[in-house]
Amino acid sequence: MNRVTKPEPNARIVILTGAGISQESGLETFRDPDGIWAKVRIEDVATPEAFLRDPERVHAFYNMRRKRALTLNLEPNAAHKALANLEARWDAEVLVVTQNVDSFHERAGTTNLIHMHGRHAEARCNYCSHVVPWVGDMSVHDVCEGCGRPGGLRPNVVWFGEMPLEMERIQEALAMCDLFVSIGTSGNVYPAAGFVALVRKLGRGHTVELNLEPSTGASLFAESHYGRATEIVPRYVAALLGA
Ligand code: BJW
């Protein structure tokens, strides 16, 4: 690994993760050649308009992914575990902001975590916004336990054209951070793709990219390390912790 710039021990750290960190746990990424968007069209499954037009199709897509994630005994990998270890051992705040809808970060032990694109193991009611955990298949016939109406339940994920979750808290953390690390994301989807520019504009944090290959915004990062997440993330974390 190239030289790692070590922040002060009291540095506040924000870590953005994307599909690449979960790839070696057995989940598909979105934009790699064999990724999800090579097999289905975004307009058919990942917009509010798609859900209005054909809710059964959207449910089938998310039921398939939820089932895969929950039944194949997929496990958090060394990269998820390294980030949990960093949070446990670092003296100042470590906030993980994930675009992923899987639960690997929390299962690895990360507690200070924002799921900015939601979680696929939850349902949200379009009528009353009630959110409940959801493990099985979801359908247009399911009834919301909050308002008692059928037909409004959808996966609690953020589709294109919808506002990602907890943006205010994320923006505050980016403005205050001393170190911003982006892991396993292609840098194609906003607002997450704009976080590195925001940190630079605010003039505070050191910026680092850890990815399989340079992302779309690679030139904006002050430091970068390329390779598989299960190799470079534990090595990077060990360097931060001085191990
Ligand atoms: C490895 C690895 C290994 C592989 N180790 N690395 C025009 C210009 C600018 C913006 C817009 C525009 N038109 C529309 C927009 C906005 C739009 C947008 O960004 N569109 C772009 C496509 C242009 N964004 C939105 O609509 C968002 N909302 C929004 O903007 O609200 C308004 C707003 C205004 C102001 C402030 C705030 C908000 C919502 C976006 C919702 C995205 N939803 C999805 C689906 C979630 C549910 C689900 O899972 O089904 O989120 S799409 C999908 O992409 C998913 C992901 O979270 C997201 C990002 O993907 P990610 O994680 O980067 O995955 P990949 O596959 O792209 O990349 C993987 C990377 O890992 C690659 O680099 C690999 O090399 C690497 N990798 N294996 C390490 N083993």
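Provided above is the structure to which this section pertains.
So, here's what we can say about the structure.

Conventions and cut-offs
- Residue positions within a chain follow its written sequence, with the count starting from 1.
- Thresholds applied to this predicted model are a pLDDT of at least 70 for local features of residues and 80 or more for the giving and counting of side-chain atom pairs; totals over whole chains, interfaces and linings are not thresholded and use all residues.
- Only heavy atoms go into the side-chain values, all of them from the structure, while hydrogens and water stay out.
- By definition, two strands form a pair when at least two bridges between them are found by DSSP.
- Runs of E in the DSSP output that reach at least two residues are strands. Runs of H or I that reach at least four are helices, and both are numbered from the N terminus.
- Axis definition: a line fit to C-alpha positions, over the contact stretch in the case of helices; interaxial angles, taken between N-to-C directions, run 0 to 180 degrees.
- Contacts were defined at the residue level, with two residues in contact if any of their heavy atoms lie within 4.5 Å.
- A cutoff of 4 Å decides nearness: a residue is near a molecule or strand if any of its heavy atoms lies inside that distance of it.
- Here a polar contact means two N or O atoms within 3.5 Å. Within protein one must be a hydrogen donor candidate and the other an acceptor candidate, and residues neighboring in sequence count only if both atoms are side-chain atoms.
- All accessible areas in this document rest on Shrake-Rupley with a 1.4 Å probe, and a residue is counted as covered only by the protein chains that are shown.
- Only protein atoms enter the calculation, which uses a 1 Å grid: trapped sets of points that fit a 1.4 Å probe without letting it out are cavities, open sets showing protein on both sides within 12 Å along at least five of seven lines are pockets, and any residue with an atom within 4 Å of a point is a lining residue.
- A molecule is said to be in a cavity or pocket once over half of its atoms fall within 2 Å of that pocket's grid points.
- Grid points are joined across faces, edges and corners, and a volume is the space filled by probe spheres set on the points.
- Basically, the charged four are Asp, Glu, Lys and Arg, the nonpolar ten are Ala, Val, Leu, Ile, Met, Phe, Trp, Tyr, Cys and Pro, and anything else, Gly included, counts as polar.
- Under the scheme applied here, a residue whose accessible area is under 20% of the maximum for its type counts as buried, over 50% as exposed, and between as partly exposed, the area being computed with a 1.4 Å probe on protein chains only.

Another aspect to go through is the sheet that holds strand β2 (residues 94-98). Taken together, the six strands give an open sheet; going across it, the order is β3-β2-β1-β7-β8-β9, and neighbouring strands pair in parallel fashion. Each end of this open sheet is capped by a strand with a single partner; those strands are β3 (113-115) and β9 (223-226). Neighbour-to-neighbour, the strand axes of the sheet open up by a mean angle of 15°, direction not taken into account. Where helix α4 (residues 78-89) meets the sheet, it contacts β1 (13-17), β2 and β7 (179-183), and its direction lies at approximately 165° from that of β1. Docked against the sheet, helix α6 (residues 167-176) engages β1, β2, β3 and β7, running at close to 130° with respect to β2.

The next thing to look at is the site of the ligand. As a matter of local geometry, the ligand sits amid 36 residues, with Tyr-62, Arg-65, Thr-185, Ser-186 and Tyr-190 nearest to it. Here Arg-65 contributes a side-chain N or O atom positioned 2.6 Å from an oxygen atom of the ligand. In the environment of the ligand, an oxygen atom lies 2.5 Å from a nitrogen or oxygen atom belonging to the side chain of Ser-186. Computed on the free molecule, the ligand has an accessible area of 1,500 Å², of which 77% lies beneath the protein chains in the complex. According to the grid-proximity analysis, the pocket containing the ligand is the largest pocket.

Turning next to the layout of surface pockets. The probe, sized like a water molecule, is rolled over the atoms to show the empty space still left. The volume enclosed by the largest pocket comes to roughly 980 Å³. Ala-19, Thr-29, Phe-30, Arg-31 and Ser-186 are the residues nearest the centre of the largest pocket, which is lined by 48 residues in total. For the lining of the largest pocket, the per-class residue count stands at 20 nonpolar, 18 polar and 10 charged. There is about 190 Å³ of room inside the second largest pocket.

In the segment running from Tyr-190 into Pro-191, the intervening peptide bond is cis, with an omega of 5°. A positive phi angle, near 65°, is found at Ser-129, a position not held by glycine. With respect to the element layout, Ser-129 can be found in the loop between β4 (118-125) and β5 (131-133). Even without glycine at this site, Glu-166 takes up a positive phi of about 55°. Classification of Glu-166 by relative accessible area gives partly exposed; the value is 42%.

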